[in-house]
Each structure stands twice: as structure tokens, then as C-alpha cells.
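Reading the structure
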Amino acid sequence: MKTKIWFAAALLVLSQALIAQNNLTNDKIWASREFNVNYVSGFTSMRDGIHYTRLVRENNKTSINKYDYKKNGLKGTLVSTENLKYNGKSIEIQTYAFNKDETKLLIGDELESIYRRSSKGNYYIYDLQKKQLLPLTDFAKGKQSVPQFSPDASKVAFMRGNNLYVRDFTNNSELAITQDGEWNKVINGMCDWVYEEEFGFDKAWAWNSNGTKIAYYRFDESQVKEFNMAMYGELYPTDYKFKYPKAGEKNSDVGIVIYDVTTKNTNVLNLGPEKDQYIPRIKWTLNPEILCVMRMNRLQNKLELLSFDANRSVQTGIMYSEANDTYVEVTDNLYFLADNSFITTSEKDGFNHIYRFSSNGKFLGQITKGNWDVNEIYGVDESSKTIYYQSSESDPSQRDIYSIGFDGSKKTKLSTKAGTNSAEFSANFSYFINTHSSANTPPEVTLHEKSGKLVSLLEGNEKLKETLAGYALPKKEFMRIKTENGVFNAWMIKPNDFDATKKYPVFMTVYQGPGSNTVNDSWDSKNLLWHSLLAQKGIIVVSVDGRGTGNRGADWKKSTYKQLGKLETEDQIAAAKYLGTLPFVDAKRIGIQGWSYGGYMTLLCLTKGSDVFKMGISVAPVTTWRYYDSIYTERYLQRPQDNPDGYDQNSPITFAKQLTGKLLLVHGSADDNVHYQNSMDMIDALVKNNREFDLMIYPNKNHGIYGGLTRLHLYNKMTNYILENL
């Protein structure tokens, strides 16, 4: 018996040793589900604050299940795809939303993406009491976007074909609020391309608190120039055209309209004499007759919150105003209280902090203080005068959850684990769900009381952790790099069999866009696995956050103003030179790779730093900011008319002749964001200067370059290029 036990134990040890020798492959990373992360999807806190719902997908069905916060117990299934059929057709639950009294659900099916955030699909109303499913509208008229119940659930407003509609269930009618919507001309209730991309939203309308009025955006983009992309696959390629305002060019004329549901009257707000401006947000106050409109000048260095009387559609005051020598950030950190005072964030003291103001803009106090940034406000509990937020107080690479009183007292750290924490609070702030990960630990989803006390583990990703254990991934190590340009945060991944007496090639991965960070103590999913694959092949992988990145205050972030690319390139080159001085680094074998802004940085590093970098891979790069959109580009560079040197002196096209290392240039031909035109002009400059390079174009692929086996092909291409040229 002892012999059998010993033999079984020996087999177990041997099998574990063999598993630990597993090597990563791109097929496993990009073409299988082996390393997929599980999250708590479709989470919604119910109105009572003691229950929540989530989407559960198992056994080829999707269910909306109801749970108890306190005990984390399953209370039942509200609806399942097993029971969802209409006219014999099975309905999938891709998205869902409750009405106010939680007796009905708005369910989205057959969703398809439009751009980065926008989508359209077919929506249904499911009555939880009657167990009845009905279509929102006549689907033959086209798919719908951004639907939402009115506060009393008697209506649903939605977008279709650039117009805004209201479906009234009391008389089973459907009314077109607008009728002038037309592709590439007028949009009512959704954003044009540049607002969606750069101001980060697609639903451009809102009910007031009692459902008597709707405020909506009207985009007149008829004078905005079109961008066209050839779509291949047919005998004659088709030409996709959409409105895209480039830096310095004409933007859409944007108006805000208030529609009265009872009288069916519409009133256009007077947003001032200046038409060339932005309206990055609108938000109803808790008073259903007062609408807050955020107004910003085109250079984005002055922001105002305007109040409007919804009945008379006239401006009643300026609730808040902020100006800056560079630019003012737009966020969703705006919360109105019962007296119409409000809580928001600002960088006015040099770091992003929480402030409170009265309804007429009177300063009522700075709530958070210190040399660190608040990242996001999760919610405001007026009953206990408590604010819940996320910050990087402990370190620029960390994210933690805190609570604090309106007067700045009783600040409490609610998250307990180092790394990156994010939260979703219950409706009454009694509980929160915390998603945590670190650089070397996959996400865990846990349920907590508002004090931070752990209630239960909802998702531990144990299967993924077990799988990862079989690959003995190298650890991501955090470090500081001291250069003549400053001290930079960085991380490094070394091969598992690292030998300090040997010389290793270094592969740097870069982004560096304004306010961004790549040096985060968080799970980087498949990117981490790919970098680990490179480490398994004997390459040290490094990422560095230089000047212009986030979570180190406004001065650090805004130091690149009017000269995008200059300081960032200097910092990446300085970091590479520092790495080259390390005894275990082969200074003649340093490469770099980035995507989008990172692709732009890669080209600048390979040209301006041609004596430092041996090779690089630039994916979907900006090559001249003259080709990028108005809102993003002018925020950091002003208009080309105002700052031509800022555009041209830091364009990699200008330095094409300095390229000496190996370059792989990659782009999707249908990139609606960073247009393929950027790479075409870079190619032209390289050819004119007789510089050799390699090129990979992915037909009909957008900025993400994905779909089918596309990602696998791309990462095989990049891996081989690195191994052959580094």
C-alpha cells in the first residue's frame, strides 16, 4: 500500500514538473479560450439596495438571476432565454435594463457595433409580472439605439435612423420627436463620430426626473468634410463615407433641444453667440425643470456649467466656470444634490480632486487634498453625506477605493489589496462589488459591506489561475528609472532562467498618450501573456511612463502641451539608454513597439533615436496630427493654424530619412479612427528617402485589427519579426 502511495506521489510530482515546463504560444493566447478571464457580467443593483441582478451564461442559455447582497444567495431567476421567444424566434439577452419600479425589462438582441461605443440592435419589452415579451417597435423600420424607459415606465425613447422616437405604451403609439435626421447630415439623439470618440458617450439625450421632458443633442454635420474608406471583397470595392472633422477643420454645429412630452413642443436652447464650441455633457439636475449644460470653447481651455429653465428654455445662470492655460479635462464626475449644489472634480490645485459648489457656483469646499489624483467618483450618498471614489493616492500604478465625508473628514480606504481596485455600489451604498487584480494576479470579484468588510467571493478565476500555474509565468517587476529628464515609473519582465552574468535583448512596449499609463499594477490579460512569451524566448520586456502620462498631477501630464511627441520621445530614448547601461542588457539589441499613439511613438523613437533602437513595430500609427480628429488633437496642440510647428516638428514623416533600424509598419485599411492615410504618407516619405521597411496591411479591419484569426496572424507576424530582427 505504501509503495502505491509513493508511486502515485512521484507521478504527481513528475506531472507537475512537466506542466511547469509548458511554453506559451500565440495560438494558445490569441486563438483559444484557455486564458479567458471571467467577470461578473450584467451587474445591476436593484432599487431596494439589498438585491442585485447579473447575467449568467451556462448550459447554452442566458439568465438574469437575482441575488441577496447580505448573504450573496440566489433568490431566483427573473427570466431565461429558454422562455424568451417571439413569433417562434428565440431571443438572446445581450443587454438589459429595468424600468423604475422593476416590473419590466428592456432587452437588447442582435446587437451590432457602429463605432467604438455605439451600437444598434432589436429591443424587446419583457413584463416580469405578465411574463409577456413584446418588440419595442416595428423591426422592419430598422434597428434601434440607446433606448431608455421613462421614469414612470409608460414610455421608451430610442434612436433610429438619425431620429429620436418615443413609444407610448398607454395608447400603444409611436411618435417621431424629430424627422430631419439624415445620414451624414443631421443626427438627433446620438453623437457624431468625434463626440463619441473623444467625449466618450453615444447616448445624446436624457429624460428629466419626472419624465415630462427630454433634452437631446442635434448635430448638423452637413458642412463637415467626409472621409472615405474603400471596403474590399467584391468585384468593385465599395466606398464607405462618414463625417470626420480633422484638426483645424469644420466641426458639426451642435444644438441642445428640449422636447415637452405633454405639449409635444420643442425649444432650442440659446447656447450663446459662439457657434464654434463644444457641449461635452448635458445633465438634468434633481429639479426636473432645470437642465445643466456643459459648454467649452474650441481650444478646450475654458469650461462652464450653464443652468437652463426647461419651461422657458432660457439660461438662468452660470453654475461654474474654470479656465486653464492648457486645457480643462471633461469627466462624468458631476453629482447634483437636493438643493442643486453639486460635487465635481478639478485639477485647479495641480492634482485632480473633489470639490463642492452651490447652485450658483459659490465655492463650498475642497473635499480631497494631496499630491495624488482622484480617478473617478463612484457615487454620492447625500443621506450620510459620504462620497465614494477611486484614487491613485498610494502610487501612480495603484487604484484604491475610498469613502470620505462632504467636509473632508472620515476618509476611509475600503479596498484592502494592493493593485487595481474598481467598485460598483448598491443603490443605497450599503454594499459594493470590488473587482481587483494586480500585475501578476488575474481579476477577483468580491462582495463587500460599505465599510469594506468582505461578504463573499463572487468570481476567483480559479480555473485560469490553475492554468497559468502550469506555465510558470515570469513576474512583472516594478521599478523607477532615473534619467536627466526625470524619474520614470517602469516595469520589467525577465526570462525565468534569467542570469545576471549574461547579456539580453530588450523589447520596450510603449503608449505614452496624454494622461495614459502603461505602468499599472493590474492584470494585462493577453498582452501580459504575449510579453511573457517573449520573455520565455530570452527577451527582457520593459514599459516606461515618461512625461505626459497620468496620475502624477497636472504639471507632469500637461508638460507635453503644444508639442506632442517631443518630450515623450526624449523620455523613451533616455529610458532605453539607461537600460543599455545595465550589466545584463545588450545595448545594441533594444527594440520598441506600440499601437496607435504608441505606434506614433515607435516611429519617432526609430527615427530620432536611430542610434539607440535596433528595430521597431508600429501598429496603426498617427504620423501627422494634421490627419487626426479636431477634439483630441486641438486639446493638446491647439489648431494647426495656431501652432504649425507643434504639428510638423514632431511628425515622424519629417524624420523619415533618419530611419536606420528595421521597421514593421502595420495598419488596418478600414481604420475609422487613425486613418490608413497616416501610414500611406509615412510610406511615401520612407520611399522618397530610400529607407527600407516592412509592411502589413489588414484589409477591411478597423483600429482594433481583430476578427476571426486576424489577431493570431498579427501577433505571429510581430513575434517572428522580433525574433528575426532583435
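Check the entry above for the structure.
Please read all numbers here as calculations on a predicted model, not as lab measurements.

1. Side note on the pattern of salt bridges
With the rule as written, the count across this model stands at 35 salt bridges. In this structure, lysine 89 and glutamate 110 form a salt bridge, with 3.8 Å as the shortest nitrogen-oxygen distance. Of this pair, lysine 89 sits in strand β6 (residues 89-90) while glutamate 110 is found in strand β8 (residues 104-113), placing the two residues 21 residues apart along the sequence. Given the relative accessible area of 34%, lysine 89 is considered partly exposed. Judged by its relative accessible area of 33%, glutamate 110 falls in the partly exposed class. Two residues, lysine 250 and aspartate 253, come together in a salt bridge whose shortest N-O distance is 3.0 Å. Lysine 250 gets classed as partly exposed once you look at its relative accessible area, which sits at 36%. One salt-bridge network, in which partners are shared between bridges, spans Glu329, Glu347, Lys557 and Lys558.

2. Description of the side chain of serine 154
Here serine 154 shows up in the loop between β11 (145-149) and β12 (155-160). Using a relative accessible area of 11% as the deciding quantity, one classes serine 154 as buried. Engagement of the side chain of serine 154 in a polar contact is seen with the side chain of aspartate 152, the distance being 2.8 Å.

3. Examining the packing of helix α7 (residues 566-581) against helix α8 (residues 597-608)
Relative placement of two packed helices is described by the angle separating their axes and the distance separating the axes. Their axes nearest at 9 Å, the elements α7 and α8 cross at an angle of 65°. The chirality of how α7 crosses α8 is right-handed. Every residue of α8 that contacts α7 at Lys566, Glu568, Thr569, Gln572 and Ile573 is listed here: Tyr597, Met601, Leu604, Cys605 and Lys608. Split by residue class, the contact of α7 with α8 holds five nonpolar, two polar and three charged.

4. Here's the deal with the sheet that holds strand β36 (residues 441-449)
The sheet built from four strands is open, its strands ordered β34-β35-β36-β37 with antiparallel pairing. The open sheet has two free edges, formed respectively by β34 (420-425) and β37 (454-459), since each of these has just one partner strand. Strand-to-strand twist in this sheet, taken as the mean axis angle between neighbours without regard to direction, amounts to 25°. By the bridge criterion, four bridges tie β36 to β37 in an arrangement that is antiparallel. The residue bridging leucine 447 from the neighbouring strand is serine 456, located in β37.

The rules we used
- Within any chain, residue numbers begin from 1 and follow the written order of that chain's sequence.
- Reporting of local features is limited, given that this is a predicted model, to residues whose pLDDT is at least 70; pairs of side-chain atoms are given and counted only at 80 or more, and all residues count toward the totals for whole chains, interfaces and linings.
- With hydrogens and water stripped out, all remaining heavy atoms of the structure feed into the side-chain values.
- Counted as salt bridges are all cases of a side-chain nitrogen of Lys or Arg within 4 Å of a carboxyl oxygen of Asp or Glu.
- Helix and strand definitions here come from DSSP, where helices need a minimum of 4 consecutive H or I residues and strands a minimum of 2 consecutive E residues; each element is numbered from the N-terminal end.
- A simple rule labels every residue: compare its accessible area, found with a 1.4 Å probe on the protein chains alone, to the largest value its type can have, and call it buried under 20%, exposed over 50%, or partly exposed in between.
- Any pair of nitrogen or oxygen atoms within 3.5 Å is treated as a polar contact; in protein, a donor-acceptor pairing is required on top of that, and neighbouring residues in sequence qualify only through side-chain atoms on both sides.
- To get an axis, a line is fitted to the C-alpha atoms, and for a helix only the part in contact is used. The angle between two axes follows their N-to-C directions and goes from 0 to 180 degrees.
- Handedness of a crossing follows from how the near helix is turned relative to the far one, being left-handed for an anticlockwise turn of less than a right angle and right-handed for a clockwise one.
- Here a residue-residue contact requires only that any non-hydrogen atoms of the pair lie within 4.5 Å.
- Charged means Asp, Glu, Lys or Arg here, nonpolar means Ala, Val, Leu, Ile, Met, Phe, Trp, Tyr, Cys or Pro, and polar covers whatever is left, Gly included.
- Pairing between two strands requires that DSSP report at least two bridges joining them.

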